[in-house]
Amino acid sequence: MSASLTLVIVMAVMYAAGVYVMLERSLTRVLIGFLLVGNATNLLIFIMSGRPGSAPIVTGASVEDMVDPIPQVLMLTAIVINFGITALLLALIYRSWWLAQLGDEGDTLTDEHATESGDDADATFRSSSDDDDAVAESIDEFERGDGATSDEDIVSTKTDAAGGAAASASNRGDTR
């Protein structure tokens, strides 16, 4: 196996530049350095993958002529990880820029309900005790058998009442 000297030099320069740029304090420079190091890692995996050959999925090729698929899988994984961390760093860069633009305000939000009085808030939002009372009343009705929980329960209650009346009439011997 012989690696191209050009690829080795490009990889080494990318590693060196990436590490140098990542040592700066700016998040943008950290992002650029990380991208350089990630691409240099992909080149390293490519260089170390070995000689070219036929695809492993092609039938009819001998095992000796096939290329090892593991480095290709590692490169794809490295690309996905590089993309994910790049997205995270971009989000951090945007957030820090946004906070820097706010100045002394910082990360505080304005109060949307600052102009409302207590009476307005009470009229808008019910108290939780009203909800508790309604739930307790519904449970009491259900336990007493006064309230039906669904349309099916109403139909079955009417059916049971009609069937129960017919059954009690037959037990008494009444025939109509």
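Quick notes on the rules
- Residues numbered from 1 in each chain as written.
- Predicted model: local features only at pLDDT ≥ 70, side-chain atom pairs only at ≥ 80, totals over all residues.
- Heavy atoms only, no water.
- Patch = residues over 30% accessible without salt bridge, like charges linked within 9 Å, V, L, I, M, F, W, Y side chains within 5 Å.
- Areas by Shrake-Rupley, 256 points an atom, 1.4 Å probe, with all protein chains shown as cover.
- Salt bridge = Lys/Arg side-chain N within 4 Å of Asp/Glu carboxyl O.
- Lys, Arg positive; Asp, Glu negative; His and termini not counted.
- Charge placed at Lys NZ, Arg CZ, Asp CG, Glu CD.
- Helix = DSSP H or I, 4+ residues; strand = E, 2+ residues; numbered from the N terminus.
- Expected span 1.5 Å × (residues − 1).
- Buried < 20%, exposed > 50% of the residue type's maximum accessible area, 1.4 Å probe, protein only.
- Contact = heavy atoms within 4.5 Å.
- Polar contact = N/O pair within 3.5 Å; in protein donor to acceptor, adjacent residues only side chain to side chain.
- pLDDT = per-residue confidence, 0-100.
- Axes fitted to C-alpha atoms, helices over the stretch in contact; angles between N-to-C directions.
- Parallel < 35°, antiparallel > 145°, perpendicular 65-115°, else oblique.
- Nonpolar A, V, L, I, M, F, W, Y, C, P; charged D, E, K, R; others polar.

**What to know about a negative patch on the surface**
So, step 1. Among the surface-exposed residues, Asp130, Asp132, Asp133, Glu137, Asp140 and Glu143 lie close enough to one another that they form a single negatively charged patch.
So, step 2. Turning to its location among the elements, Asp133 is positioned in helix H5 (residues 128-144).

**Some points on helix H2 (residues 27-48)**
So, step 1. Compared with the 32 Å implied by 1.5 Å per residue over 22 residues, the 31 Å span of H2 between its first and last C-alpha is a close match.
So, step 2. Taken together, the buried positions of H2 are Leu31, Gly33, Phe34, Val37, Gly38, Ala40, Asn42, Leu43, Ile45 and Ile47.
So, step 3. Taken together, the buried residues of H2 touch helix H1 (5-22) and helix H3 (70-102).
So, step 4. The N-capping residue of H2, defined by a side-chain oxygen 3.3 Å from the backbone nitrogen of Thr28, is Ser26.
So, step 5. Gly50 lies just past H2 and shows a positive phi near 105°.

**Notes on the confidence of the model for the chain**
So, step 1. When pLDDT is averaged along the chain, the result is 78, and 70% of the positions lie at 70 or above.
So, step 2. For the chain, the element scoring lowest by mean pLDDT is helix H6 (residues 151-172), at 52; H1 scores highest, at 95.

**Some words on the packing of H2 against H3**
So, step 1. At a closest axis distance of 10 Å, the pairing of H2 and H3 adopts a crossing angle of 180°. On the basis of their axis angle, the class for H2 and H3 is roughly antiparallel.
So, step 2. Grouping the constituent residues of the contact of H2 with H3 by class yields 16 nonpolar, seven polar and no charged.

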